[in-house]
Structures are given as C-alpha cells and as structure tokens.
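Understanding the architecture of this molecule
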Amino acid sequence: MSIPDDSDEPMSPDYDPAETEESPDIKPSISALGGSRASSAGVYNVTESGHLYEHPLVPPSRHGAPSSGDGGYLSRLSDDISFRILEHSEPNELVFELIGVDVSLANALRRIMIAEVPTVAIEHVYIWNNSSIIHDEVMAHRIGLIPIGCDPRLFESFGDEEEGEATDKNTIVFSLRAECPASDPDAPPADGTKRVPPGVPKEDSVAGEKEVDQAAGDAAASFRHRGADMPRVQAPGRPYTKHVYSGDMVWMPQGDQAERFPDGIRPVHEDILLAKLRPGQVLELEAHGRKGNGRDHAKYSPVATASYRLMPVVELVTPVYDDLADLLQYYEPGVFDIVTEGGRRRATVANPYACTMSRNFMRSPELAEAVKITRRSDHFIFSVESVGMLNSAAIVIEALQVLRDKCHKVVRLADESLEGADLG
C-alpha cells in the first residue's frame, strides 16, 4: 500500500476535531503545557486567515556545548520527551499524547502504525466451486479483506519468496462451504400459519405491515443463531436467498495449531457479508492466511485510523465577563468555564484539549482581541483505532519497536560507512 507524501504542515490528514470531545475530564493548567520546553519549540499562532508558524530561538544545550554537532537536539529529546495515555476505555481505541519530539518522529510513528506493524490476513484463496454471481477474483478479494483475530507475533514470516513452503508456523487455513437449497428449510407450514421467530412478539403490527415485520424478525433471529443453517433475510414474494457471512468460515488447524490456539482462530467480525446465494448455487473454497504488513497490501494494516493533532494552547489576554463570557463558552464548548468573581461572571480556561481550532470566537471583535490560541509544535495528541487484529495499545508498542529497530539500523549503517571511510 502506498503512503501519500507528507505536506509541510505537521498535521495528520485524518484529523477529526470531534475526537477531542471524548476527553472532558482532562483539564491541565496552562503552565503545565508550557514549562521548560516552551522556549525550544515553535508555535502555530491561530489567526483569522489561518496558522502562522513562529520559529523558536533554540537555546544552548543544558549539558554544555554540544560535541556531536546536533545542536543539543538529542540532549533536549532525552530530557523533554514524555508519553501519557489520555483515553483507553475500549481495547481497540487509544488516545495518547507524545510531548517533546520533532514532527518527523511523530509522523514516522504514525506511518509505521499504518504500514509496518505486521498482522495476519488471507493471502491465497483456492476456489473449488463457485456458482454464485460473484466472480472468483472478487470473491477472493472480499475474503482477503476480512480481519483475522490472531496474534501475528505467534507466527513466522513467510519469507521473501512467493513459493516458500507453507507450514503450521507461518500459515493458517480456513474452509468455506455454503449451498442454497431449493426452498426455505424454515418456511411456514403448508396450512398457511405464519412462523413467528424467537423473540418476536405475536401481537399485530403497529404499522400494519406484517410481512415487513416478519422479514425483520427473520433477520434478528438469524443474527442470534448465526451458526445455524437458517435464512438471513427473507423478502416476501421473492425466491429464497441464503446469505453467506464471514462467520461461516471454518478454521482448519494445521500441525500443533490446535494446542497453540486452544480458543481457536476466527474472523474479528463474523457478520461480514460475502455473498448471496439463490437456490442451487454453491460456494466452496479454501483460504490460506499468512503474516504481512500494510506496505504490501492494505488488508494487513492493523488500524482503521492513526492520526495526530497538535496540542492547542488557549490564553485569555484580557478578562472576559458576563454576556461575553457566555458567548465565548457558546463558540468554544468545553474549553472554558465560568466562575463568579466580585459579583461578575468571568470566563476561565478549563480544558484546552477540547479546543477544535474552529476560530468561531473570532466572529466577535471583542473576543478576537481577548482570546489567543496557539498550537505547540512538539506536543502531539494521537488517536489510534484498531481494526481488531491487535488491540490499539499493542499496535503502539509494536510501532515503537519497529521505530527503534530502524534507528539501530541507521546507527549501524553510519558506523559501517565511517569505518569504510577510515579504511579508504
């Protein structure tokens, strides 16, 4: 999968301002957002026409004059870098902040999470029989995009050669066989009485459309009994249709995989529709999965989104009182609180994390003069949402390990280059 080139703006293209509304309880002080790093990091000044970057005056290293020629960057990085988890309420969702690093490092971490954290996905599909309306190539592509719920760290890489030997250490196997009978096996009795699916009330339809209610009930019963061979959705007046889902795929353990994976290997989501079969149509295939990464194909990418945004710094240059404070709170919800002071209601900065950089407050000339918003160029708020093959925390850990290995490789190559230059 190709990754688009990064723009000069250190801002993820996947940035979603609504994600900040999930952190209402995070209320650090403004002083905590500055600190000793404020003088060594540039800021983005928010104006009515856009963002203006203000370059910092890089201070001398706190460890004396730099001897490595890096301007003291490595010393400041080792002293200033910090990592903090902001939200992790769900296994597949993680919001964290990375402070004191350059945008190149933050963007490298983001790109590694998208394209270089390995996962397991279906690579080869052997179709023995397919009489459905879906072509073999399309069916193989749909099956390849199904996320597989297994830990890729427990498998070996297949190797660079396409014709490598498949073993139980590097390959998983699924089989799928589905056939649509000539008629609905759960059709109503011949006497004309209607079958009521489990959990569907027997009273008359509120809307007066009993056939629609029956079809909805069939779908609900099918979801509850997905493992059973019963109709998924049966539209009244049409031929019987069987829906084939990812949950119909059967894992076939190879070698000692049954002992290594006692809980089995299943698709992350078992309700992904693969095909619709009409009476007499058959789908029979075998799918082989292997380890890979998003550089080879998007199906290996473990994240649905991996983005970052710069930390907003919100300041009140002049006090804002009464009706103007209410207007400010309306324009920037969640960012400001109102406190009573000397009989007047004054706006205070409460949660800069909730700032979406909307600049709505600039609609009021008084607020445009009273409020100053900047963005820290070395403070990144990451949002990671996993597809489900790995949980979001594991994705971040694996990405950091890949980044570490890359750094070690660069150091090794640099040492070898210097040694070669000395010998020459």
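Note that this is a predicted model, so its numbers are computed, not measured.

About the thresholds
Residues numbered from 1 in each chain as written. Predicted model: local features only at pLDDT ≥ 70, side-chain atom pairs only at ≥ 80, totals over all residues. Heavy atoms only, no water. Buried < 20%, exposed > 50% of the residue type's maximum accessible area, 1.4 Å probe, protein only. Helix = DSSP H or I, 4+ residues; strand = E, 2+ residues; numbered from the N terminus. Arc of directions from axis to C-beta. Contact = heavy atoms within 4.5 Å. Salt bridge = Lys/Arg side-chain N within 4 Å of Asp/Glu carboxyl O. Expected span 1.5 Å × (residues − 1). Pairing = 2+ DSSP bridges. Axes fitted to C-alpha atoms, helices over the stretch in contact; angles between N-to-C directions. Phe/Tyr/Trp six-rings, centres within 6.5 Å; stacked < 30°, edge-to-face > 60°. Lys NZ or Arg CZ within 6 Å of the ring centre and 35° of its normal. Polar contact = N/O pair within 3.5 Å; in protein donor to acceptor, adjacent residues only side chain to side chain. Core = buried A, V, L, I, M, F, W, Y, C linked by side-chain atoms within 4.5 Å. pLDDT = per-residue confidence, 0-100.

Looking at helix H7 (residues 322-331)
An α-helical turn contains 3.6 residues, so a residue and the one three or four places further along point in the same direction. Within the span of H7, buried status applies to Ala325, Leu328 and Tyr331. Taken around the axis of H7, the buried residues stretch over an arc of 125°, which confines them to a single face. Exposed positions of H7 whose direction lies more than 90 degrees from the buried face are Asp323 and Tyr330. Close packing links the buried residues of H7 with strand E13 (303-316), strand E14 (336-341), strand E15 (344-349), helix H8 (365-370) and strand E16 (371-386).

Details of the pattern of salt bridges
Taken as a whole and assessed by the stated rule, the structure comprises 16 salt bridges. Two residues, glutamate 123 and lysine 299, come together in a salt bridge whose shortest N-O distance is 3.2 Å. Remark: lysine 299 occurs in the loop between strand E12 (282-292) and E13 and glutamate 123 occurs in strand E5 (residues 119-130); sequence separation between them is 176 residues. Residue classification places lysine 299 among the buried residues on the basis of a relative accessible area of 14%. Its salt-bridge partner being arginine 177, residue glutamate 284 comes within 3.8 Å of it at the nearest N-O pair. Of this pair, glutamate 284 sits in strand E12 while arginine 177 sits in strand E7 (residues 172-179), placing them 107 residues apart in sequence. For glutamate 284, a relative accessible area of 27% translates into the label partly exposed. Taken together, the shared-partner salt bridges connect Asp151, Arg153 and Glu398 into one network.

Some points on helix H3 (residues 103-115)
Taking 1.5 Å of rise per residue, the 13 residues of H3 would be expected to cover 18 Å, and the 18 Å separating its terminal C-alpha atoms lies within 8% of that figure. For H3, the full list of buried residues reads Ala106, Asn107, Leu109, Arg110, Ile112, Met113, Ile114 and Ala115.

Remarks on the sheet that holds E7
Taken together, four strands build an open sheet; the order of strands is E5-E12-E7-E9 and the sheet is antiparallel. With one partner strand each, in any of the chains shown, E5 and strand E9 (250-251) form the two edges of the open sheet. Across the sheet, helix H4 (residues 136-144) touches E5 and E12, and the angle it forms with E5 is around 150°.

Describing the packing of aromatic side chains
One pass over the structure, following the stated rule, counts seven aromatic pairs. Measuring from centroid to centroid gives 6.3 Å for tyrosine 126 and tryptophan 128, while their planes differ by 15°, and the two rings are stacked. What makes tryptophan 128 exposed here is its relative accessible area of 55%. A ring pair is formed by tyrosine 308 and phenylalanine 380, whose centres lie 5.3 Å apart and whose planes are at 85°; its orientation type is edge-to-face. Taken together, the positions of tyrosine 308 in strand E13 and phenylalanine 380 in strand E16 put the pair 72 residues apart, joining distant regions of the chain. An identical accessibility class is assigned to tyrosine 308 and phenylalanine 380; each is buried. Every member of this aromatic cluster is reached through a ring pair, and the members are Phe83, Phe96, Tyr308, Phe380 and Phe382. The positively charged end of arginine 260 is found above the aromatic ring belonging to phenylalanine 155, 5.6 Å away from the centroid. Lying across the ring of tyrosine 321, arginine 344 places its NZ or CZ 4.1 Å from the centre.

Some remarks on the side chain of histidine 379
Summarising the element assignment, histidine 379 is placed in strand E16. With a relative accessible area of 2%, histidine 379 lands in the buried category. Of the polar contacts made by the side chain of histidine 379, one reaches the side chain of glutamate 97; its length is 2.6 Å.

Observations regarding the nonpolar core
Ile143, Ile148, Ile172, Phe174, Ile265 and Leu283 are the most contacted members of the largest nonpolar core, which has 26 residues in total. A per-element tally of this core places E7 first, with four residues. When near neighbours in sequence (up to four residues on either side) are disregarded, isoleucine 265 contacts Ile148, Gly149, Cys150, Phe155, Ile172, Phe174 and Trp251. Judged by nonpolar contacts, the second largest core, of 25 residues, contains Ile114, Ala394, Ile395 and Ala399.

Concerning the confidence of the model for the chain
Across the chain, the average pLDDT comes to 78, with 68% of residues at 70 or higher. For the chain, helix H1 (residues 30-34) is the element with the lowest average pLDDT, namely 38, and H4 is the one with the highest, namely 95. Note that residues 1-39 has pLDDT below 50 and, in this model, 75 contacts with residues that lie over four places away or in other chains. Every residue in residues 197-202 scores below 50 in pLDDT, and together they form eleven contacts with partners more than four places removed in sequence or on other chains.

A few points about unusual backbone geometry
Positioned with a positive phi, aspartate 322 is a non-glycine residue whose angle comes to about 55°. By the element assignment, aspartate 322 lies in helix H7. Residue class for aspartate 322 comes out partly exposed when judged on its relative accessible area of 28%. Even without glycine at this site, arginine 359 takes up a positive phi of about 60°. On the basis of relative accessibility, which here comes to 28%, the residue arginine 359 falls in the partly exposed class.

A few points about the environment of serine 131
With respect to the helices and strands, the residue serine 131 is situated in the loop between E5 and H4. Distance in space between the C-alpha atoms of serine 131 and glutamine 281 is 5.2 Å, their sequence separation being 150 residues. Among all residues touching serine 131, those that are not within four sequence positions of it are Gly280, Gln281 and Val282. A distance of 2.7 Å separates the side chain of serine 131 from the backbone nitrogen of valine 282, its partner in a polar contact.

Quick look at the environment of glutamate 87
Tracing the sequence through the fold places glutamate 87 in strand E3 (residues 82-87). You can call glutamate 87 buried: its relative accessible area is 15%. Each C-alpha atom of the pair glutamate 87 and glutamate 97 lies 9.9 Å from the other, and the pair is ten residues apart in sequence.

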